[in-house]
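# Fold and contact review
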Amino acid sequence: MKRNFDLRIDRWAILPILPSEEHAVQVVVGKGSFRTTPLGQCVPLCYSGADMKKIETNIRNIAIIAHVDHGKTTLVDGLFTQSGLYANGRMEERIMDSGVLERERGITISAKNCSIDWKGVRINIIDTPGHADFGGEVERGLSMVDGVVLLVDAAEGPLPQTRFVLDKALGLHLAVIIVINKVDRQDARPQQVLEEVYDLLLELHPDEAMLEVPVLYCVGREGSCGTEPDALDGNLHALLDAMVAHIPGPEYDDSQPFQMLVSDLGYSDFLGRLAIGKVVNGSASTNDSLVCLGEEGIMVPLRVTRLQRYMGPVFVETERIGPGDIVVLSGIERVSIGDTICTRDNPKPLPRISVDEPTVAMQFGKNISPLAGKEGSFVQATKIHERLVKEALRNVSIRVEKNPGDDTVTVKGRGEFQLAIIIESMRREGFELCVGRPTIIFKEDDKGRKLEPIELVRIDCPETHAGIVMEKLAKRKGLMLDITYGTDERVTMRFELPSRGMIGYRDEFLTDTKGNGIMHAVLKGYEPYRGDFPERFSGSLVSDRSGNAVAYGLFGLEPRGRLFVKPGDAVYEGMVIGEHNREVDLAVNPTRTKKLTNLRASGKDDAVTLTPVVPMSLEQAIRFIADDEMVEVTPKSIRLCKRILNGQQRKIFESRGYLPTM
Ligand SMILES: Nc1nc2c(ncn2[C@@H]2O[C@H](COP(=O)(O)OP(=O)(O)OP(=O)(O)O)[C@@H](O)[C@H]2O)c(=O)[nH]1
Ligand SMILES: [Mg+2]
């Protein structure tokens, strides 16, 4: 008879089991390394009798983590195909990027689960986003796993977000597999990149055992990997085998009743709200009566109407769920991420998911422009608040706070891009709203000193543009850490920069480097306030009346700055119609027409040629506005305006040095 022993080694002594032909012994040392001894070998290890946890050997829970665009989602496509899913047909690219905005922008926004079977083992995979603003999603994803595949681009090497995600994974003592991806790139330098990854590993966790983590080279796009960069196997079997061999199966305590940590929420038209998460202990079946333990220990009874698990990216029904598996549970309406679902008789909460605090805040309110209500179906402040509260249920890294005294809401998140994505989703759902400039969330230390978030910024640009970049960052209190001159007339510079300085700088950076610069930033932490600096270096051209912009009027304004409106566009008093090329605001009349006389000499001055207007994207608009301005967002339009539309009133407030809120 074949029996499996699962042991956790807490202290060293002599193992009192001599495995024989019948015994497969699996030994976990700490949580980081894992060895399976071949049948019949003697294992000279031991265990402590106390705290004997079991290991579910038929399951692996793994997250794929990396810097943005290093190929996580594409690699998951390869894993699907090679594990036998979609054997009969072609699947679309980046199948896990299922959100509309994800597909449009080609980036992953929320961490998502999927599952594959490999040699009888169920591998639950979490594809995480690599953009720094969605770091909370990575932290949420890591709450479900026992190991990570750290993907690093073979040309770019480890970048700021590689450090962030690896640090989080090592902090949770997760096992690591290194995959140097995209070795097909012409500029790939896999060996050097591996050295850089080792340096990073040792810096974050100074232990030589780190150098023993498995390393594979990969071309995720072709579904090929191998142990040498120039001799790939033509499949991903080595990676799948490494996942099974090097990532431990989930641990569970046999003496505990059913406990599941809710790490994600879903919605189905037929089943209602879905709670997604890992079963930490015990098992459950359909129609079981359970309870959901909320944040303040509030217990909500529930009856499991349906149990599902993942197969590929979709759900399949199952009768029973056991420890270690990642499952989907329906039959509960009031559930939040971080809640524990457990038995009624023995309700024990699991530690809630903790994520880093938000660093950026933005005010959301109803659309105050005279053009409000023309395009959207949801315009009331209460609807906007309700929608944002719903968002906070799913999105662990945002906080939604209603502002006392008015009907605006402050939304706090990890970065302006994260908040822009929420606004973009809302406008597509038919909302109209006004949002203010992103502001940084300051803190105080125990001595009452003001602290602010500081970013580590890495810039790669042509040498010729390095000067302007240094100058602009110095104005924003940036501190250069180092500069490296490459062989191709490019430089790599690293800066420490207050997060305040990043808002609005990205677009300037792209213009300054003529689109040839690459910038990555990651939060370093809170540090003492670095001092004031102007956050915008130009003023606005503000329309002083309502009407429609006219070519003649706009032509007259062109020498004043960069215009945002075209002839025929509706404008209103207080609307920002352009960027002034001086630091102050200027009231202008874009509706001005030519005085008509009875005499016409020729038609030549009737037609004016205007510089084409490039419409501002939502992110650009958010980054552009000043503190006393807002972005008006409707399903079809993005307009900029002053918080106080009336010019007279604005002057009164300005003369008092008082900046109104929304
Ligand atoms: N040369 C090369 N390009 C690849 C490879 N794998 C992915 N790419 C490309 O890299 C880009 C990013 O791929 P994704 O899979 O979306 O990267 P990601 O890590 O999931 O990105 P985020 O989720 O947004 O962080 C796409 O244009 C892919 O086609 C590869 O093996 N070689
Ligand atoms: Mg992705």
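Not measured: the values here are computed from a predicted model.

A few words now on the overall build of the protein chain. Helix and strand counts for the protein chain stand at 14 helices and 40 strands. Looking at the 662 residues of the protein chain, the share that counts as buried comes to 43%.

Within the structure, ligand 1 sits among 22 residues, and Gly71, Thr74, Ile107, Thr108 and Gly130 are positioned closest to it. The residue makeup of the shell around ligand 1, split by class, is five nonpolar, 10 polar and seven charged.

Spatially, eight strands are ordered E17-E16-E22-E13-E14-E21-E18-E19 in an open sheet, and the strand pairing comes out antiparallel. Both edges of this open sheet fall to strand E17 (299-303) and strand E19 (314-317), since each of them pairs with a single strand only. Each adjacent strand pair in this sheet contributes to an overall mean axis angle of 40°, direction not counted.

Right, let's get into the sheet that holds strand E7 (residues 121-127). In spatial order, the strands read E6-E7-E5-E8-E9-E10-E11; together these seven strands make up an open sheet with mixed pairing. Of all the strands in the sheet, the pair left with one neighbour each is strand E6 (112-118) and strand E11 (224-226). For this sheet the average axis-to-axis angle between neighbouring strands, irrespective of direction, equals 30°. With seven bridges joining them, strand E8 (residues 147-153) and strand E9 (residues 175-181) adopt parallel strand pairing. The residue bridging leucine 150 from the neighbouring strand is isoleucine 178, located in E9. Most of the contacts of helix H1 (residues 72-82) go to E7, to which it runs at about 160°, and overall it touches strand E5 (59-66), E6, E7, E8 and E9.

With that settled, consider helix H3 (residues 135-142). A large share of H3 lies buried, amounting to eight of its eight residues. Of all the positions in H3, only Gly135, Gly136, Glu137, Val138, Glu139, Arg140, Gly141 and Leu142 are classed as buried. For H3, the elements touching its buried residues are E5, E7, helix H4 (160-171) and strand E13 (259-268).

Two strands pair when backbone bridges link them, and strand E29 (residues 450-462) and strand E31 (residues 490-498) are joined in this way by nine bridges, in the antiparallel orientation. When the sheet's bridge partners are listed, isoleucine 459 is paired in E31 with methionine 493. Pairing between strand E30 (residues 479-485) and E31: six bridges, direction antiparallel. Bridging from a neighbouring strand, aspartate 482 pairs with arginine 494 of E31. Where E30 hands over to E31, the hairpin turn is made up of four residues, of which glutamate 489 adopts a positive phi near 60°.

For histidine 173, which is not glycine, the phi dihedral falls at a positive 55°. Given 11 C-beta atoms within a 10 Å radius, histidine 173 is considered exposed.

Our focus in this paragraph is the nonpolar core. Most often, soluble globular proteins have nonpolar side chains that are buried together. With 104 residues, the main nonpolar core has Val148, Leu150 and Val179 as its most contacted residues. No other element matches E9, which puts six residues into this core. Counting residues in each nonpolar core, the second largest holds 47 residues, with Ile398, Ile422, Ile577 and Ile622 among its members.

Moving on, we get to the confidence of the model for the protein chain. On average, residues of the protein chain score 87 in pLDDT, and 89% of them are at 70 or above. Between residues 1-50, whose pLDDT stays under 50, and residues either more than four places distant or in other chains, the model counts 77 contacts.

What counts, and where the lines are drawn
Residues numbered from 1 in each chain as written. Chains lettered and ligands numbered in written order. Predicted model: local features only at pLDDT ≥ 70, side-chain atom pairs only at ≥ 80, totals over all residues. Helix = DSSP H or I, 4+ residues; strand = E, 2+ residues; numbered from the N terminus. Buried ≥ 20, exposed ≤ 12 C-beta atoms within 10 Å, placed from the backbone. Near = placed C-beta within 6 Å. Nonpolar A, V, L, I, M, F, W, Y, C, P; charged D, E, K, R; others polar. Pairing = 2+ DSSP bridges. Axes fitted to C-alpha atoms, helices over the stretch in contact; angles between N-to-C directions. Contact = placed C-beta atoms within 7 Å. Core = buried A, V, L, I, M, F, W, Y, C linked by C-beta atoms within 7 Å. pLDDT = per-residue confidence, 0-100.

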